[in-house]
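# Coordinate inspection notes
Single-letter residue listing:
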Amino acid sequence: MSARRLEAIDPRGRHSLEAGGSLVPNPSANASNRFLPPPLGRRASMLQEPVLVLNATYEPINVTAVRRAMVLLLKGVAQAEEVHSAEVHSAAHSHKVPSVIRLLAYRHIPQQSRALSRKNILLRDRNTCQFCGRIFSSSELTLDHVLPRSRGGRSSWENLVACCYHCNNTKGDRTPEEAGLKLARRPRPFTLHTSRQLMRLIGHRDERWRKYLFY
Ligand SMILES: [Zn+2]
């Protein structure tokens, strides 16, 4: 590992992380289709495997799926830094399945662009209802305004939590205290630390991610 790389991923650096999905542009339908014959069985699940996305400076900035990562590779937007031994085949070529990719052009990620999205709130709360503490699939969870909107509660990292439909109904238009519910933990915005923690969780089975995430 070069000195330049160490410097580039110094956690004290000014660049923030985003664990959400807004960073990498959506591949066009054409780009996906050209690359993907009807996905079936193992191939389909492989295409959903997580891929670590690094900025041009080797700073980890996102996690995406193999499918999307390969579109970025084909478009020449990114290059593979680590690959699996498995390959996937398009009409004319076979490609190693990427594990870590790096964007070729540096992308500035301002602090405020840590997208406040349903996906990111669920990620932060690890798909756990913050009132009953049970884990649900994303489709079984909603977002709850801790201080209800009717009371001036904002849609912010600090006021939105993952919540199952049952608890959401129980709570209704009340504060947790009024409804006799207790928050599992105080909701916080993403930090550099949380983002990296999440990436580690997602990639914990992939040894190839280690050197980029300081295991
Ligand atoms: Zn619940």
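Residues numbered from 1 in each chain as written. Predicted model: local features only at pLDDT ≥ 70, side-chain atom pairs only at ≥ 80, totals over all residues.

## A word on the overall build of the protein chain
Per the secondary structure count, the protein chain includes nine helices and six strands. In the protein chain, buried positions account for 29% of the 215 residues. For the protein chain, contacts bridging at least 24 residues in sequence account for 64% of all contacts bridging at least 6. (Helix = DSSP H or I, 4+ residues; strand = E, 2+ residues; numbered from the N terminus. Buried ≥ 20, exposed ≤ 12 C-beta atoms within 10 Å, placed from the backbone. Contact = placed C-beta atoms within 7 Å.)

## A short note on the sheet that holds strand S2 (residues 60-65)
Strand order in the open sheet made by the four strands is S2-S1-S4-S3, with mixed pairing throughout. Of all strands in the sheet, those bounded by a partner on one side alone are S2 and strand S3 (78-89). Direction aside, the axes of adjacent strands within the sheet are offset by 35° on average. Pairing geometry for strand S1 (residues 50-54) and strand S4 (residues 94-103), over three bridges, is parallel. In the sheet register, Leu-52 faces S4, and the bridge partner there is Val-100. Relative to the sheet, helix H4 (residues 66-74) contacts S1, S2, S3 and S4, its axis offset from that of S4 by approximately 85°. (Pairing = 2+ DSSP bridges. Axes fitted to C-alpha atoms, helices over the stretch in contact; angles between N-to-C directions.)

## Some details on the nonpolar core
Membership of the largest hydrophobic core comes to 19 residues, with the highest contact counts inside it found for Val-51, Leu-52, Val-53, Leu-54, Val-100 and Ile-101. Within the residue set of this core, elements represented by two or more residues are S1, S2, H4 and S4. Contacts of Ile-101, omitting those with residues within four sequence positions, involve Val-51, Val-53, Leu-54, Ala-69, Leu-72, Leu-73, Ala-78, Gln-79, Ala-80 and Glu-81. (Core = buried A, V, L, I, M, F, W, Y, C linked by C-beta atoms within 7 Å.)

## Examining unusual backbone geometry
We note that Arg-126 has phi near 50°; this positive angle belongs to a residue other than glycine. Of the residues examined, Arg-126 has 10 C-beta atoms within 10 Å and is grouped as exposed. At Asn-127, a residue that is not glycine, the phi angle is positive and equals roughly 55°. With respect to the element layout, Asn-127 can be found in the loop between helix H5 (118-124) and strand S5 (141-145). For Asn-127, a count of 16 C-beta atoms within 10 Å translates into the label partly exposed.

## Focus: the pairing of S1
Where burial is concerned, most of S1 is hidden: four out of the five residues are buried. What sits between the antiparallel neighbours S1 and S2 is a turn of five residues, in which Tyr-58 has the positive phi angle 75°.

## Observations concerning the environment of Ala-86
Counting through the fold element by element, Ala-86 comes out in strand S3. Look at Ala-86 and you get partly exposed, because 13 C-beta atoms sit within 10 Å. Along the backbone, Ala-86 and Pro-98 are twelve residues apart, and their C-alpha atoms lie at a distance of 9.0 Å. Not counting the four nearest positions on each side in its chain, Ala-86 is found in contact with Met-46 and Val-97.

## Some remarks on the pairing of S3
Across a regular strand the side chains alternate sides, sitting on one face of the sheet and then on the other. In the sheet, S3 pairs with S4 via eight bridges, with the strands oriented antiparallel. When the bridges of S4 are listed, Glu-82 appears paired with Val-100. Hairpin connection of S3 to S4: four residues between the antiparallel strands.

## Points about the confidence of the model for the protein chain
On average, residues of the protein chain carry a pLDDT of 77, and 72% of them reach 70 or more. This stretch, residues 1-40, has a pLDDT under 50; its non-local contacts, to residues over four places away or in other chains, come to 65 contacts. (pLDDT = per-residue confidence, 0-100.)

## A few points about H4
Among the residues of H4, those classed as buried are Val-66, Arg-68, Ala-69, Met-70, Val-71 and Leu-72. Positive phi shows up at Gly-76, right after H4, with a value of about 80°.

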